[in-house]
Each structure stands twice: as C-alpha cells, then as structure tokens.
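# Coordinate inspection notes
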Amino acid sequence: MSLDRIRPDGWRARIGVIVPPSNTVNETEFNRLKPDGVTFHFTRSPLHPDPAADDFAEMMRDLHRACGELATCAVDLVAYGCTAGSMACPADRLLGKMREVSGVEGISTAGAILAALEALGVARIAMATPYTEETNAHETEYLAAHGIEVVAASGLGLNASLEGIQRISRVPPRAVFDHAMAVDRPEAEALLVCCTDFNTVDAIEPLEEALGKPVVTSNSATLWAALRALGIEDRIAGCGRLLRDF
C-alpha cells in the first residue's frame, strides 16, 4: 500500500481518559473495542475517598494537572473514567474544570451511565459492583437522585483497602458474570455493572443472553458516550445492546 493512502493514528478522534492510579482494565477494553481511526490516551489522577471534605479542592487540583497533560496531547474530548469519583463530584464542577483546562468537551462515567440508561428507556435496575456496601449506598443515592431506582445492589467489598482495590482488575469475567447474575431481579429493567476497573466486556453478551435484558457497564457506557459525543456512530458488536444498537 502506498504511504500516501495511510492516515495517521487518531485521524477520526483522539480521546483523553483520566483514570485512578490502580486502574488497568478500561485501557485494555477501550483499545480492544475502539473503531478504526480512534485512539485513546490515558493519564492518572489520585483516588479521593472523601473528595467533599475539602469542598473538592484537592480533587480539582489533581484534575487540573491531568487535564493539562491531555491538553498537551491535543485530544478532542476528555473522559473522566472513574465511576465512584464522578458520582461524588457535582457534574458542573467536574466537567467545568475539564473544559476549562483541556479546552475541549468532557464526559464522565457517571453522566455516561445516566445517558445510557436513558437511551435504553430504563428507570429500574439491579446493580453489581466490586465495591463495599457503603460505596454501593452512595451510588444508589446518586442514581436515585437522577430518577433511577436500584431494586437490588451487591458488591464484592474489594475497595476497602489498596490491596483489595488492586484485586478488582484481577476478578475474571466468569466471576463477574456469576456475581452479576446473582444480583439481578425480575423487576429490574436492566443490569448495571459498575467500576471501570472491572473485567466486564466479555460478560456483557452472555449476561444479556441469560437475562433477556440490557446490561450496561461503566466502561461500555463511557466508551459509548465518548464516541457519540464526537459524532462517531459506529456500532460495535459483541458488547451488548448499547454499543450495538444505540
């Protein structure tokens, strides 16, 4: 093939993603699923167990640094790829800081989940996570405040220590499947599997086949929202209804 016909990497879009320091899964999942001509560029920002304690000051400082790094890459959009963190911080502050520093639009995993459930016409869900009951309660409250009823939630309690957090990415897809199946309820219109560091991509289709309902994950929602925000309408097969049909 002539070099004159080869386009540079990221010719359609370059997407910057901010993840927690321990996170490894969404890097691999996004790069595995990315459409032709799209590239993802990652940087890390510390986890903040209680970001509201100082009115999000430390979180905003760390976010400023991370967005500055991605701005240097001249990305077309910035995604804040942390479920709990993006649910903890008010969206206007989080996205506002991202736009201010990066100079481009931003999305968050929390906002992506809400947009995905809205696109699917879902208002009642079951939620499976690797988190503690306390974190699940916070996320249930967040979803309820945005019109989503969580009829059942269950976690693996892995985010109580650094050692546990580092184990999240090592939970195999079969265990994610079994955990998610156990939390589902007949009255749930969809199943939500939270955490961007959870190996979910291979479990989505088997779960949808077994349950007969949509399955949304933190990563499928974030990937979908990032692509659609940039006008990239490619349908991605093998990862559930959201990426295949919407």
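Look above for the structure.
My aim in this report is to walk through the structure given alongside it, one point at a time. Only a predicted model underlies this, so the values are computations on that prediction, with no experimental measurement involved.

### Side note on empty space enclosed by the protein
According to the stated counting rule, one finds one cavity of 30 Å³ or more in the structure shown. A volume near 40 Å³ is recorded for the largest cavity. Around the largest cavity sit Glu-29, Phe-30, Leu-33, Val-201, Ile-204, Thr-217, Asn-219, Ser-220, Leu-223, Cys-239 and Leu-243, which together line it. For the lining of the largest cavity, the elements supplying multiple residues, two or more each, are helix H1 (25-33) and helix H10 (218-229). Grouping the amino acids of the lining of the largest cavity by side-chain chemistry returns seven nonpolar, three polar and one charged.

### Some thoughts on the state of the cysteines
Counting across every chain of the model gives zero disulfides. Free cysteine: Cys-239, not disulfide-bonded; nearest cysteine sulfur from Cys-195 at 17 Å.

### A look at the packing of aromatic side chains
The full count for this structure, using the stated rule, is two aromatic pairs. With 5.1 Å between their ring centres and 45° between their planes, Phe-30 and Phe-40 make a pair best called tilted. Note that Phe-30 is positioned in helix H1 and Phe-40 in strand S2 (residues 38-44), a separation of ten residues in sequence. Exposure class is identical for Phe-30 and Phe-40. Each is buried. Aromatic side chains Phe-30 and Phe-42 sit 6.2 Å apart centroid to centroid with 40° between the ring planes, which places their arrangement in the tilted category. Pair noted here: Phe-30 is in helix H1 and Phe-42 is in strand S2, with a separation of twelve residues, a long-range link. We classify Phe-30 as buried; its relative accessible area is 2%.

Definitions and limits used
Residues numbered from 1 in each chain as written. Predicted model: local features only at pLDDT ≥ 70, side-chain atom pairs only at ≥ 80, totals over all residues. Heavy atoms only, no water. 1 Å grid on protein atoms, 1.4 Å probe; cavity = no way out; pocket = protein on both sides within 12 Å on 5 of 7 lines; lining within 4 Å. Points joined across faces, edges and corners; volume = space filled by probe spheres on them. Helix = DSSP H or I, 4+ residues; strand = E, 2+ residues; numbered from the N terminus. Nonpolar A, V, L, I, M, F, W, Y, C, P; charged D, E, K, R; others polar. Disulfide = S-S within 2.5 Å. Phe/Tyr/Trp six-rings, centres within 6.5 Å; stacked < 30°, edge-to-face > 60°. Buried < 20%, exposed > 50% of the residue type's maximum accessible area, 1.4 Å probe, protein only.

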